[in-house]
Amino acid sequence: MKGNFDHFMKKEIHEQPDAIQQTMRGRVVFDADGNVQRVFLGGMVDYLSTIRRSRRIILCGCGTSYNSAIAVRQLMEELTELPVTLELASDVLDRQCPFFRDDSIIFISQSGETADTLRALEYAKSKGALCIGIVNVVGSAISRATDCGLHINAGAEIGVASTKAYTCQITSMVLLALALSEDSRSRADRRMDIMRGVVTLPDTMRRALELDQKMLALARTLVDENSLLLFGRGYNYATALEGALKVKEVALLHSEGILAGEMKHGPLALVDETLPLVVIATRDSSYLKQKSVIEQLRARDARCILIVSEDDDSLDKFASNEDMIIKVPEVCDCLQPLINIVPLQLLSYHLTVLRGHNVDQPRNLAKSVTVE
Ligand code: UD1
Ligand code: M6R
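Each value, and the rule that gives it
Residues numbered from 1 in each chain as written. Chains lettered and ligands numbered in written order. Predicted model: local features only at pLDDT ≥ 70, side-chain atom pairs only at ≥ 80, totals over all residues. Heavy atoms only, no water. Pairing = 2+ DSSP bridges. Helix = DSSP H or I, 4+ residues; strand = E, 2+ residues; numbered from the N terminus. Axes fitted to C-alpha atoms, helices over the stretch in contact; angles between N-to-C directions. Contact = heavy atoms within 4.5 Å. Near = heavy atom within 4 Å. Polar contact = N/O pair within 3.5 Å; in protein donor to acceptor, adjacent residues only side chain to side chain. Areas by Shrake-Rupley, 256 points an atom, 1.4 Å probe, with all protein chains shown as cover. Nonpolar A, V, L, I, M, F, W, Y, C, P; charged D, E, K, R; others polar. 1 Å grid on protein atoms, 1.4 Å probe; cavity = no way out; pocket = protein on both sides within 12 Å on 5 of 7 lines; lining within 4 Å. Sits in = over half its atoms within 2 Å of the grid points. Points joined across faces, edges and corners; volume = space filled by probe spheres on them.

> Help me out: how do you make sense of the sheet that holds strand β11 (residues 303–309) in this one?
In any sheet, the strands associate via hydrogen bonds between backbone groups, in a parallel or an antiparallel arrangement. In spatial order, the strands read β9-β8-β10-β11-β12; together these five strands make up an open sheet with parallel pairing. Each end of this open sheet is capped by a strand with a single partner; those strands are β9 (254–259) and β12 (325–328). In this sheet, neighbouring strand axes are inclined to one another by 20° on average, regardless of whether the strands run parallel or antiparallel. Here three bridges tie strand β8 (residues 227–232) to strand β10 (residues 276–280), and the two strands are oriented parallel to one another. Bridge pairing in β10 places F231 opposite V279. Against the sheet, helix α13 (residues 336–354) contacts β8, β10, β11 and β12, and its axis sits at roughly 140° relative to β12.

> Would you mind going over the site of ligand 1 with me for this structure?
All residues adjacent to ligand 1 are R27, G42, G43, G133, V135, V138, S143, T146, C148, G149, L150 and H151. In this structure, a nitrogen atom belonging to ligand 1 sits 2.8 Å away from a side-chain N or O atom of T146. Note that an oxygen atom of ligand 1 is positioned 3.0 Å from one of the backbone N or O atoms of G149. If ligand 1 stood free it would expose 730 Å²; the protein chains cover 51% of that surface. Sorting the residues of the shell around ligand 1 by element identifies β6 (130–135) and β7 (148–151) as the ones contributing at least two each. Examining the composition of the shell around ligand 1, we find that four residues originate from one element, β7, more than from any other. Tallied by class, the residues present in the shell around ligand 1 amount to four nonpolar, seven polar and one charged.

> For this particular structure, what's the right way to read the site of ligand 2?
Around ligand 2 sit 13 residues, and of these S65, S109, Q110, T114 and E249 come closest. Contact distances for ligand 2 include 2.6 Å between an oxygen atom and a side-chain N or O atom of S109. The separation between a nitrogen atom of ligand 2 and a polar main-chain atom of V160 is 3.0 Å. For ligand 2, whose free accessible area comes to 410 Å², the fraction covered by protein is 90%. Mapping ligand 2 onto the cavity grids shows that it belongs to the largest pocket. The set of elements that each furnish at least two residues to the shell around ligand 2 consists of α4 (63–80) and α11 (237–250). Ranked by residue count, the leading element in the shell around ligand 2 is α4, at three residues.

> Got a minute to help me understand the layout of surface pockets in this structure?
Gaps left between atoms are located by rolling a probe of water-molecule size over the structure's atoms. Space inside the largest pocket adds up to approximately 550 Å³. Elements supplying a minimum of two residues to the lining of the largest pocket: α4, β5 (103–109), α6 (115–126) and α11. Its residues assigned to classes, the lining of the largest pocket shows seven nonpolar, 10 polar and five charged.

> I'm lost on unusual backbone geometry in this one. Help?
Glycine aside, residues mostly have negative phi, and peptide bonds are mostly found in the trans state. Positive phi, normally seen in glycine, also occurs at E81, with a value near 55°. Among the secondary structure elements, E81 is positioned in the loop between α4 and β4 (84–88). For N153, which is not a glycine, the phi torsion comes out positive at approximately 55°. For N153, the position within the fold is in the loop between β7 and α8 (164–180).

None of the figures reported here should be taken as evidence of function without further support.
Okay, structure coming up:
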């Protein structure tokens, strides 16, 4: 089952190019010359106009599935021009969230069985909202109980740490956002750029996976640390949160993902010359702000590990040594989180093995959390 891999987590990280290909199969349509033309979502066609007419879109899930919602929020807002809000599933019932008949609520779950997400879905249905599923397991409770949805088709995910489901969830929701904006002429060029980026994702991700040995070398330098902070913003705020979740969940190392814009509002007090920090600074509209964050951190002699675009040498001087600069292949801005998470998944995997912890079955955790 694990093939040539020692652990399911490693296998599933390396399966991501093929898994994303499966997510796209039959949904990205090409013309006779092989050029990408449009997105077609068979299970959603009857519902797209209702979603377009809704008052807002709400994305709801737990853990990694919630992080995938954060990753696509900005694009979904841009392409649909609707307000897009986020809800942690457990909080929906705690707060008795105001949900309405004209809300479209997207429930994201790898297993399709997570109790908190399922309860939030039942609550949303009782309020008359349109409920949409982004689910991996066909026939699961959430897949069955939603009005419509998209199976992410990532294949079975065995490792407790979610890896390929995360990138396939993001890909599925990017496809949904593209389908929702198909009527908009003014967004045709932007949609085409994104679709061209989507079809190159499997190859781009294969190149990102070549960072494996580099991340092993980095893990060796971090193995005895007690804490790791990750700073991201914009499309890559989710990358910081998801990277931190992976590190704490499997490597059992305290880690926090921080919105870089919040740095001066508290986290900066933690920064000294010993605490390792990861800053995600690939090229997008947040790049200059992230560059300034790096300069401020380095002015305090911080130990900065930088994730940057592969042809960007301008930040090399800010990393303490060459192990600390990670160059990732570049894709369309809104797809970059799919690539940037790969080195962080690999880092958390290697840290776990080096620290001698159980990779596929971290202590106290279950793959599917079926009790509230
Ligand atoms: C479907 C088939 C797929 C086939 C393809 C060919 C299934 C499960 N999928 O894929 O095998 O190759 O047609 O056209 O038979 N749904 C929900 N909630 C969810 C997820 C999905 O209600 O969380 C619904 C969808 O709205 C749809 C159905 O389940 O009605 C199947 O969804 P999906 O597998 O994503 O649809 P297709 O990609 O069309
Ligand atoms: O099956 P789900 O996607 O609903 O699970 C949600 C979370 O329990 C899950 O993503 C959890 O956070 C993972 N173990 C993270 O790797």
